[in-house]
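Here is how the chains run, residue by residue.
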Amino acid sequence: MTNSLEIVFSPLSADLEATSLLLAGEDMALGGRGKELDHRSGGAVAKAAEAAQFKGKRKSTVELLATPRIGVSRLVLLGTGKGAELKENDWTLLGGSAVGAISARKTKSASIIAEAVDTGSTRPEAVAALIGFGALLRHYEFRKYLTKQKPDDETAEPDTLQKLVIHCENPDKARAAFARHQAVAHGVVIARDLVNEPANALGPIEFADRVRELEKVGVEVEIFDAAEIEKLKMGALLAVAQGSVRPARVAVMQWHGAKSKRAKPLAIVGKGVVFDTGGISIKPAAGMEDMKGDMGGAACVVGLMHALGERKANANVVGIIGLVENMPSGSATRPGDIVKAYSGQTVEILNTDAEGRLVLADLISYVQERFKPRLIIDLATLTGAIMVALGKEYAGLFVNDDKLAHDLLEASSTTGEKVWRMPLDKAYDKMIESKNADIKNIGGRWAGACTAAAFLKYFVKDTPWAHIDLAGTAMDAPKSEINPSWGSGWGVRLLDRFIADKHERAEK
Ligand code: BES
Ligand code: ZN
Ligand code: ZN
């Protein structure tokens, strides 16, 4: 839950807030406004930099306090390094660093003088907008369960930043460029909020209620309740849900933004296990609390659909998520049970903790049959094995189509949400063959992320398809310039960018 941050774009010449941050390039290169401040202060800015041996190195800072004649009470210099070398995502990160530096000073409002000397291939108004984007992402906090204990309890209610004025060369253009970033930031925040929410407050029904809110941005929402899911015969998904007293939901979200309303949509599928105990194949106690984040894929889909709706993306996109809770109980699925998936194929469930793939299998089959999508991308916190392979830096990318792989890798490098291509191979298909049913839900000891992907592939027909295993990146994320939160909202930026760059232009 973020305390909302108002972002205002103003001319470079406008009055500054009492706390202001000035960008400085390599070797203390300043723009016109920076030079003017230095001049007015009788060279105090340059002298302070020199005294602190500040050379404008990226992310380095120096602070001037109560400097006469510059009209601000504190001026923080933030280094950009060589501006010409910075890419889109670097400016976003810099916006995050700026808010980090400002927030540490506990102020309710601040100015950023976004006047980089050399912005290379990125236009100055785009730089200002990206700084605003990074600022919003960094400003996030999840504090809704912290009650104020004592009036002087700093942890309960700090002086949070509420207004950020970004001074730049062309505020009108920057504001226009910022609108789409703002929509994406809102999507990221929605995804983070969903991941951070504890499972007692966010069961399948509550999650579905949150999905309904997408209607406000023009996304069409359908929610299937347990009876409807039974009627659809989603036997694999229901096998996961049956141990919980909280019934399953499936949410279908449609954004019709393409010129042709009938253009085939892109389908984005998300694993929404609101809590994964492992079921009868129960997980060890240590760290099990993290499994409240086992709906990170679904959260990403919801955040993405919000972003597309808010920025009125020029594409047709359908999002589908399966919302279930994986619990052990008298009604839970047992190891050895055989169930019939939506596709009509049978699955032998040998480990009830390999539940995400059961949910996704039915969603993938359903979305293909109903929407005939031009491609499918699924997102799931699917395996611990992907973390063993890639840690928390990269999500695993499994793709059956090289063009789709290329496009996703490109969006990945633009946004900095990193994916690493992993193999699909007949050898992994073999590992999930079952004697008693068409397929079993676990492979052997090795290549856990790959056999999970092979399982999903079994349900994909002749459609370009990508599976993104975000077990390592969706939750318990390392803190970064633009993410201070446990739930990262990972994937919203990646897929928004993928759609914008690869599927909107072509549509126009
Ligand atoms: N939700 C887990 C995967 C996971 C682990 C996500 C850690 C995030 C952090 C998934 O349902 C699971 O339990 N997978 C098992 C599969 C195994 C039983 C074949 C795993 O990875 O251990
Ligand atoms: Zn599991
Ligand atoms: Zn799981």
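Reference entry: report on the structure contained in this document. Here, residues in each chain are numbered from 1, in the same order as that chain's written sequence. Key to labels: chains lettered from A, ligands numbered from 1, both in the order written. Thresholds applied to this predicted model are a pLDDT of at least 70 for local features of residues and 80 or more for the giving and counting of side-chain atom pairs; totals over whole chains, interfaces and linings are not thresholded and use all residues. Think of the side-chain values as coming from all heavy atoms in the structure, minus any hydrogens and water.

Here's the deal with the side chain of Ser365
Mapping Ser365 onto the fold places it in helix α10 (residues 356–371). Burial classification: accessible surface area is computed with a 1.4 Å probe over protein chains only, and a residue below 20% of its type maximum counts as buried, one above 50% as exposed, and the rest as partly exposed. Overall, the relative accessible area of 7% leaves Ser365 in the buried class. Secondary structure elements are taken from DSSP: a helix is a run of H or I of four residues or more, a strand is a run of E of two residues or more, and numbering for both begins at the N terminus.

A closer look at the coordination of the zinc ion (ligand 2)
Tetrahedral metal sites with four donors have an ideal angle of 109.5 degrees; octahedral sites with six donors have ideal angles of 90 or 180 degrees. Atoms are scored as donors when they are N, O or S and lie within 2.8 Å of the metal, with 3.2 Å used for Na, K and Ca; no water is included, so coordination may look incomplete. On the protein side, the zinc ion (ligand 2) has Asp276 (OD), Asp353 (O), Asp353 (OD) and Glu355 (OE) as donor atoms, found 2.0 to 2.2 Å from it. A four-donor site is called tetrahedral if each angle lies between 85 and 135 degrees; a four-donor site is square planar, and a six-donor site octahedral, when trans pairs exceed 155 degrees and the remaining angles lie between 65 and 115; all other cases are labelled irregular. In this structure, the zinc ion (ligand 2) is coordinated by six donor atoms arranged in irregular fashion, with angles at the metal of 71 to 167°. As a motif over one chain, the donors of the zinc ion (ligand 2) read D-x76-D-x1-E. Separating the zinc ion (ligand 2) from the zinc ion (ligand 3) is a gap of 3.2 Å, bridged by Asp276, which donates to each. In this pair, Asp276 is assigned in strand β9 (residues 266–276) and Asp353 in the loop between β12 (346–349) and α10, connecting sequence segments 77 residues apart.

Some words on unusual backbone geometry
The residue Arg69 is not glycine, and still its phi comes out positive at about 70°. Note that Arg69 resides in the loop between β3 (61–65) and β4 (74–81). Given the relative accessible area of 55%, Arg69 is considered exposed.

Brief notes about the coordination of the zinc ion (ligand 3)
Protein coordination at the zinc ion (ligand 3) comes from Lys271 (NZ), Asp276 (OD), Asp294 (OD) and Glu355 (OE), with a distance range of 2.0 to 2.4 Å. Relative to the metal, the six donor atoms surrounding the zinc ion (ligand 3) lie at angles of 77 to 171°, and the coordination shape comes out octahedral.

Quick look at the packing of aromatic side chains
Pairs were defined over the aromatic rings of Phe, Tyr and Trp, the Trp ring being its six-membered one, requiring ring centres within 6.5 Å. Orientation was assigned from the angle between planes: stacked under 30 degrees, edge-to-face over 60, tilted for the rest. The tally for this structure, following the rule as stated, stands at seven aromatic pairs. Ring plane angle 75° and centroid distance 5.6 Å describe the contact between Tyr342 and Tyr366, whose orientation is recorded as edge-to-face. One end of the pair, Tyr342, is in the loop between β11 (337–340) and β12; the other, Tyr366, is in helix α10, with 24 residues separating them in the sequence. The burial state of Tyr342 is the same as that of Tyr366; both residues are buried. One aromatic cluster in this structure is built from Phe224, Tyr342 and Tyr366. Only when the NZ atom of a Lys or the CZ atom of an Arg is both within 6 Å of the ring centre and within 35 degrees of the ring normal do we say a charge sits over the ring. Here Lys292 stacks its cationic end above the ring of Trp486, 5.1 Å away from the centre of that ring. Here the guanidinium or amino end of Arg445 rests over the ring plane of Trp446, the centre of that ring lying 4.5 Å away.

Re the pairing of strand β17 (residues 465–469)
Counting buried positions along β17 yields five of five residues, so the element is predominantly enclosed. Across five bridges, strand β13 (residues 375–380) lies against β17 in parallel orientation. Across the sheet, Leu379 pairs through a bridge with Ile468, a residue of β17. A pair of strands is considered paired only if DSSP assigns at least 2 bridges between the two. Pairing between strand β14 (residues 395–399) and β17: four bridges, direction antiparallel. Residue pairing in the sheet places Phe398 in a bridge with His467 of β17.

As for the site of ligand 1
Note on definitions. A residue lies near a molecule or strand when any single heavy atom of the residue is within 4 Å of it. Residues in contact with ligand 1 amount to 17 residues; listed here are only the nearest, Lys283, Asp294, Asp353, Glu355 and Gly384. Definition of a polar contact: a pair of N or O atoms within 3.5 Å, with one able to donate and the other able to accept a hydrogen when the atoms are protein atoms, and with sequence-neighbouring residues admitted only if both atoms are side-chain atoms. Interatomic distance of 2.8 Å between a side-chain N/O atom of Glu355 and an oxygen atom of ligand 1. Interatomic distance of 3.5 Å between a backbone N/O atom of Thr381 and a nitrogen atom of ligand 1. Only the protein chains shown count as cover for residues, with accessible areas throughout obtained via the Shrake-Rupley method and a probe of 1.4 Å. When ligand 1 is considered free in solution it has 520 Å² of accessible area, and contact with the protein chains removes 78% of it. For the shell around ligand 1, the class distribution of residues is six nonpolar, four polar and seven charged. Here the nonpolar group is Ala, Val, Leu, Ile, Met, Phe, Trp, Tyr, Cys and Pro; Asp, Glu, Lys and Arg are the charged ones; every other residue, Gly included, is treated as polar.

Considering the packing of helix α12 (residues 402–415) against helix α15 (residues 492–504)
Under this scheme, a helix contributes an axis fitted over its contacting stretch, all axes are lines through C-alpha atoms, and angles between N-to-C directions fall in the 0 to 180 degree range. At a minimum axis distance of 8 Å, the contact between α12 and α15 shows a crossing angle of 120°. It follows from the interaxial angle that α12 and α15 lie oblique. You can see that α12 and α15 cross each other, and the crossing is right-handed. From α12, Leu404, Asp407, Leu408, Glu410, Ala411, Ser412, Thr414 and Thr415 reach across to α15, where they touch Arg493, Leu494, Leu495, Arg497, Phe498 and Lys502. Partitioned by chemical class, the residues of the contact of α12 with α15 number six nonpolar, three polar and five charged. For classification purposes, angles smaller than 35 degrees are called roughly parallel, those larger than 145 roughly antiparallel, those between 65 and 115 roughly perpendicular, and all remaining angles oblique. Note: crossing handedness is left-handed where the near helix turns anticlockwise from the far helix by less than a right angle, and right-handed where it turns clockwise. Only heavy atoms matter for contacts: two residues are in contact if any of them lie within 4.5 Å across the pair.

Brief notes about the environment of Gly491
Tracing the sequence through the fold places Gly491 in the loop between β17 and α15. Take Gly491: its relative accessible area is 0%, and that puts it in the buried class. In the structure, Gly491 is positioned 18 residues away from Thr473 in sequence and 8.8 Å away in space, judged by C-alpha atoms. When sequence neighbours within four positions are dropped, the list of residues in contact with Gly491 reads Cys300 and Glu417.

A look at the sheet that holds β9
Pairing is mixed across the open sheet formed by eight strands, whose spatial order is β7-β8-β10-β9-β13-β17-β14-β15. Each end of this open sheet is capped by a strand with a single partner; those strands are β7 (220–224) and β15 (419–422). Shown here is a sheet whose adjacent strand axes are inclined to one another by a mean of 20°, direction ignored. Bridging between β7 and strand β8 (residues 249–256) involves five bridges; their strand directions are antiparallel. In the strand pairing of β8, Val221 is matched with Met253. Its contacts with the sheet place helix α6 (residues 204–212) against β7, β8, β9 and β10 (316–326), and it is angled at close to 160° to β10. Of the strands in this sheet, β9, β10, β13, β15 and β17 touch α15, which is tilted by about 170° from β13.

Notes on the environment of Gly56
For Gly56, the location among the structural elements is in the loop between α2 (44–51) and β3. With 264 residues separating them along the chain, Gly56 and Ile320 place their C-alpha atoms 46 Å apart. Contacts of Gly56, omitting those with residues within four sequence positions, involve Ala24, Gly25, Glu26, Met28, Gly79, Thr80 and Gly81.

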